[in-house]
Amino acid sequence: MIYQRSSALFKAAQNVIPGGVNSPVRAFKAVGGDPIFVKQAKGAYLYDEDGNKLIDYINSWGPMILGHAHESVVNAVVEKAKKGTSFGMPTEIETQIAELAVSMVPNIDKIRFVNSGTEACMSAVRLARGYTGKDKIIKFAGCYHGHSDSFLIQAGSGAVTFGSPNSPGVTKGTAQDTLLAKYNDLANVESIITSNTNEIACIIIEPVAGNMGCIPPVKGFLEGLRALCDTHNILLIFDEVMTGFRLAKGGAQELLGVNADIVTFGKVIGGGLPVGAFAAREEIMNHLAPLGPVYQAGTLSGNPLAMAAGLAMLTELNDNPEIFKSIANKTEYLHKGIADVLNKYNVVHTINRLGSMISVHFAEESVVDFDTAAIGNNDTFKKFFHGLLNNGIYIAPSAFETWFITEALTYDDLDTTIAAVEKVASTINL
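Residues numbered from 1 in each chain as written. Predicted model: local features only at pLDDT ≥ 70, side-chain atom pairs only at ≥ 80, totals over all residues. Heavy atoms only, no water.

What about the packing of aromatic side chains?
- Counted under the stated rule, the structure contains 10 aromatic pairs.
- With a centroid separation of 5.3 Å and an interplanar angle of 85°, the aromatic rings of Phe-28 and Phe-385 are classed as edge-to-face. Of this pair, Phe-28 sits in the loop between helix H1 (4-13) and strand E1 (38-42) while Phe-385 sits in helix H14 (residues 378-389); the two residues are 357 residues apart in sequence, bridging distant segments of the chain. Here the two residues Phe-28 and Phe-385 agree in accessibility, since each one is buried.
- An angle of 80° between the planes, with centres 5.8 Å apart, marks the rings of Phe-140 and Phe-221 as edge-to-face. (Phe/Tyr/Trp six-rings, centres within 6.5 Å; stacked < 30°, edge-to-face > 60°. Helix = DSSP H or I, 4+ residues; strand = E, 2+ residues; numbered from the N terminus. Buried < 20%, exposed > 50% of the residue type's maximum accessible area, 1.4 Å probe, protein only.)

Brief notes about the layout of surface pockets
- In this model, the second largest pocket occupies a volume close to 450 Å³.
- Surrounding the second largest pocket, 23 residues form its lining, Glu-94, Thr-95, Phe-113, Ser-301 and Gly-302 being those nearest its centre.
- Only helix H3 (92-104) and strand E4 (110-114) provide two or more residues apiece to the lining of the second largest pocket.
- With five residues, H3 is the single largest residue contributor to the lining of the second largest pocket.
- Taken together, the residues of the lining of the second largest pocket break down into nine nonpolar, nine polar and five charged. (1 Å grid on protein atoms, 1.4 Å probe; cavity = no way out; pocket = protein on both sides within 12 Å on 5 of 7 lines; lining within 4 Å. Points joined across faces, edges and corners; volume = space filled by probe spheres on them. Nonpolar A, V, L, I, M, F, W, Y, C, P; charged D, E, K, R; others polar.)

Some details on the sheet that holds E1
- Spatial strand order, E1-E2-E3-E13: four strands in an open sheet with mixed pairing. Of all strands in the sheet, those with a lone pairing partner are E1 and strand E13 (393-394), marking the two edges.
- When strand E2 (residues 45-48) meets strand E3 (residues 53-56), the two strands line up antiparallel, connected through three bridges. The residue bridging Tyr-45 from the neighbouring strand is Ile-55, located in E3. (Pairing = 2+ DSSP bridges.)

Thoughts on the environment of Gly-376
- For Gly-376, the position within the fold is in the loop between helix H13 (370-374) and H14.
- Of the residues examined, Gly-376 reaches a relative accessible area of 23% and is grouped as partly exposed.
- Separated by 13 residues in the primary sequence, Gly-376 and Ala-363 have C-alpha atoms spaced 4.5 Å apart.
- For Gly-376, the residues in contact, after removing those within four places along its chain, are Phe-362 and Ala-363. (Contact = heavy atoms within 4.5 Å.)

Considerations on empty space enclosed by the protein
- Summed over all chains, the structure comprises one cavity of 30 Å³ or more.
- The wall of the largest cavity is formed by Ser-359, Val-360, Phe-381, Ala-396, Ser-398, Ala-399, Glu-401 and Trp-403.

Structure follows, in structure tokens:
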């Protein structure tokens, strides 16, 4: 494929935007080459500035669970925009989407909307600290909760891809209050808690990791965290920015049967517009201003355009819950097809999958945490990425990202993808 215009646009962007991108992983640093500039998208397909059509497996990093430019979402945004784009005042639609979200997700009574997943996770930790009166938090190596200072300690995903898992600008004091645990290792978490008795406000975790590739929790891990939190008066925060309203109507809490104390959302809940949210039981949420002492605010929080997109998206999912089974089946089909091809050509790999999240790791052993994810063959991934791209398939330009399956993908699209994997595996020495 030809990407002359994308390359020219990237060159121009670098003159006025740091690195030419507004989020580091988009720069193709992990895979080489120039990033693709998108002109438009519809359904399961991207159309770039050079006129190429690509089957999309990142779907704006997760929000497009129904596909790009879904009619009900687009119409909702257009109609709302005609009435004004922002007021900085309460609107009825904020209550409508809040009521719907609370009805869909177990174990939450109230929800507050913000503008990003980063803001949601940052606010959730502040709320946990304010509620418990304790300062320290536990996060897991390889889990990414946005770019707030507390979370940029072995943060996975874009931070690892870009080569700066411990970002300059994070103070020593902040780092000292962030305790780093090993994903899927309950004994490690317990030892950290024992060493910091009565100092830990919360444990924050991606219940299904998506920022070191897709890594599901091993059996008993989340249940063990829940028990530890109950025993030691620690709040358990599920970062469901990826998994919320994607793995099930009620997200990972529903699918995996474990309740968190605070849950954060993003991506799907905004229908493609910038939206984040955090939610909890009433006694926790009532610690937020204006009811309580924990301050959090945002000029564009509850923006009517974002609320309209999110309400349209959640309504579709709430009214058509069979979508979750459908996309899980498509993901399973893709998993089997790719595995069969890679096995046929003796390509060392392991594939992780849960629901509509999937990732291919070029590693022999099981990938269960940050350490095992990091030993995958990144040179192989680079060949795999560019081989698929040249055959019209767009996956995340990083070995540390999950793929997101959308309902708009057809089985013909999946077969086309599997055929592209075979072409790459048979012609490139993976």
